[in-house]
Amino acid sequence: MVTKLHHILETQQFKEDALLQELFALTDEMPLFDIIKLKNRGPTPEEAERCKQLRLPQEPRKLILGNLFYEPSTRTMMSFSSAMMSLEGNAINLFDVERFSSAAKGENIEDTARVAGDYADAIVIRHKEEGAAKKAARHSSVPIINAGDGTGQHPTQTLLDLYTIRQKLGRIDDLKVGMLGDLLNGRTVHSLTYLLAHREGIKLYFISPPELAMRPDIIQYLSEKGIPFEQVVGEELRDVARNLDVLYVTRVQKERFLKPDGSPDEKAYEAVKGSYVVDGSVIDVMGLNSIVMHPLPRVDEIDREIDSDPRAVYFVQSRNGKYVRMALLKMILDGE
Ligand code: NCD
């Protein structure tokens with residue numbers, strides 16, 4: 001049917017014009033067997049016949065998700081891949097992109113995203129720079145999903161957080177939500193604040209060491225919108241926790257503590273690390289209809305002794321992450 005090739009090692013192997021022409025003719029036919037064309041209308045009888053001759057699948061190919069992770073991830077990348085595979089699609093996972101992709105050769109995010117769109121039907125990006133996903137979206141022919149852009153946002157995390165709140169408390173309005181920890185650098189709490197600000201009857205409590213207080217631009221956003229919030233600094237955690245519906249805990253974002261030359265600032269991190277811990281004494285004062293959340297990974301800010309308390313829902317969040325991402329992928333790739 002087609003000429004059998006074995007190793008491809010040097011161009012002289014293609015010195016026969018007939019072989020080169022055969023390769024190019026076959027290449028011309030390949031886009032036909034790629035998505036959309038076959039997907040949107042099914043093959044014509046001639047195309048189906050040709051597929052048969054070439055022993056190519058007559059079914060439209062599976063949708064492909066491209067995961068481009070410039071920063072570490074466990075849950076987000078695995079749940080996106082798992083979500084895509086559960087929808088009978090495929091995933092291409094590139095992690096440590098900074099080191100192992102063309103970024104290491106100096107390629108910028110715009111070019112990488114543009115190229116990735118030729119190989120994937122949607123792209124998930126996690127990047128250390130705030131605004132990176134938006135930059136990529138401006139240059140991408142396929143949908144971009146922000147899986148965390150530096151200290152900016154992490155929108156899909158917020159959607160799974162809100163889904164979990166709804167599942168556990170039965171509502172996403174009329175809530176007293178305390179956010180605890182690194183509110184300056186934590187992108188999950190930034191995204192969560194922006195979305196909660198659009199719900200009814202929300203009161204927010206920002207509980208942090210002074211060095212890690214909520215970002216000024218977000219404080220300003222809340223003030224302009226007239227959303228009630230309190231900045232709790234130096235108060236006993238238990239005194240705030242007893243009135244909350246949701247205590248959302250975050251880890252101190254160690255990787256964001258940098259000296260002006262870009263090297264890790266261990267001293268600044270050590271100074272705030274361990275400054276708050278949610279343990280039995282905290283959950284004991286919380287209401288029976290309240291929950292403790294955490295996007296994970298945790299370091300030492302939640303004592304493992306409370307893991308078995310039904311109000312500790314962080315592992316429920318990570319499980320829900322897959323299903324919320326399945327729903328999002330369905331809407332992105334199959335919405336009308
Ligand atoms: C979060 C992140 O990457 O922002 N992790 C996650 O996606 N669940 C939280 C964190 O790293 O602290």
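That block above? That's the structure.
All values reported here derive from a predicted model rather than from experimental measurement. (Residues numbered from 1 in each chain as written. Predicted model: local features only at pLDDT ≥ 70, side-chain atom pairs only at ≥ 80, totals over all residues. Heavy atoms only, no water.)

With that settled, the discussion passes to helix 10 (residues 216-225). Those residues of helix 10 that fall on the buried side of the exposure criterion are Ile218, Ile219 and Leu222. The arc enclosing the buried residues of helix 10, seen along the axis, measures out at 105 degrees, which places them on a common side. Helix 10 presents Pro216 and Glu224 as exposed residues on the side facing more than 90 degrees away from its buried surface. Buried positions along helix 10 lie against helix 9 (187-196), strand 6 (202-207) and strand 7 (229-232). Looking one or two residues past helix 10, Gly226 carries a phi angle of roughly 70 degrees, positive in sign. (Buried < 20%, exposed > 50% of the residue type's maximum accessible area, 1.4 Å probe, protein only. Helix = DSSP H or I, 4+ residues; strand = E, 2+ residues; numbered from the N terminus. Arc of directions from axis to C-beta. Contact = heavy atoms within 4.5 Å.)

What follows is about the sheet that holds strand 3 (residues 122-127). Pairing is parallel in the open sheet, where four strands are placed in the order 2-1-3-4. A strand with exactly one partner marks an edge of an open sheet, and here the two such strands are strand 2 (90-95) and strand 4 (144-149). In this sheet, neighbouring strand axes are inclined to one another by 10 degrees on average, regardless of whether the strands run parallel or antiparallel. Bridge count between strand 3 and strand 4: four bridges; the pairing is parallel. Counted as the bridge partner of Ile125 is Asn146 from strand 4. Across the sheet, helix 6 (residues 109-116) lies against strand 1 (64-69), strand 3 and strand 4, angled at about 155 degrees from strand 3, the strand it touches most. (Pairing = 2+ DSSP bridges. Axes fitted to C-alpha atoms, helices over the stretch in contact; angles between N-to-C directions.)

Contacts to the ligand come from Thr76, Arg126, His154, Gln157, Arg187, Thr188, Arg251, Gln253, Pro295, Leu296 and Pro297. The separation between an oxygen atom of the ligand and a polar side-chain atom of His154 is 2.8 Å. Protein burial of the ligand: of its 320 Å² of free accessible surface, 94% is covered by the chains. Among the detected pockets, the ligand sits in the largest pocket. Looking at the shell around the ligand residue by residue, the class counts come to three nonpolar, five polar and three charged. (Near = heavy atom within 4 Å. Polar contact = N/O pair within 3.5 Å; in protein donor to acceptor, adjacent residues only side chain to side chain. Areas by Shrake-Rupley, 256 points an atom, 1.4 Å probe, with all protein chains shown as cover. 1 Å grid on protein atoms, 1.4 Å probe; cavity = no way out; pocket = protein on both sides within 12 Å on 5 of 7 lines; lining within 4 Å. Sits in = over half its atoms within 2 Å of the grid points. Nonpolar A, V, L, I, M, F, W, Y, C, P; charged D, E, K, R; others polar.)

We now examine unusual backbone geometry. With an omega of 5 degrees, the peptide bond between Leu296 and Pro297 qualifies as cis. Here Pro297 shows up in the loop between strand 9 (291-293) and helix 14 (314-334). A positive phi is found at Arg55, a non-glycine position, where the angle reads about 55 degrees. As for its position among the elements, Arg55 is in the loop between helix 3 (45-54) and strand 1. On the basis of relative accessibility, which here comes to 72%, the residue Arg55 falls in the exposed class.

This part takes up the layout of surface pockets. A volume near 450 Å³ is recorded for the largest pocket. Pro72, Arg126, Arg187, Arg251 and Pro297 are, among the 23 residues lining the largest pocket, the residues nearest its centre. Of all the elements in the fold, those that place two or more residues in the lining of the largest pocket are helix 4 (75-86) and helix 9. Its residues assigned to classes, the lining of the largest pocket comprises five nonpolar, ten polar and eight charged. Roughly 300 Å³ of internal volume is contained in the second largest pocket. Lining of the second largest pocket is provided by 14 residues; of these, Lys39, Leu63, Leu87, Glu88 and Gly89 occupy positions nearest its centre. (Points joined across faces, edges and corners; volume = space filled by probe spheres on them.)

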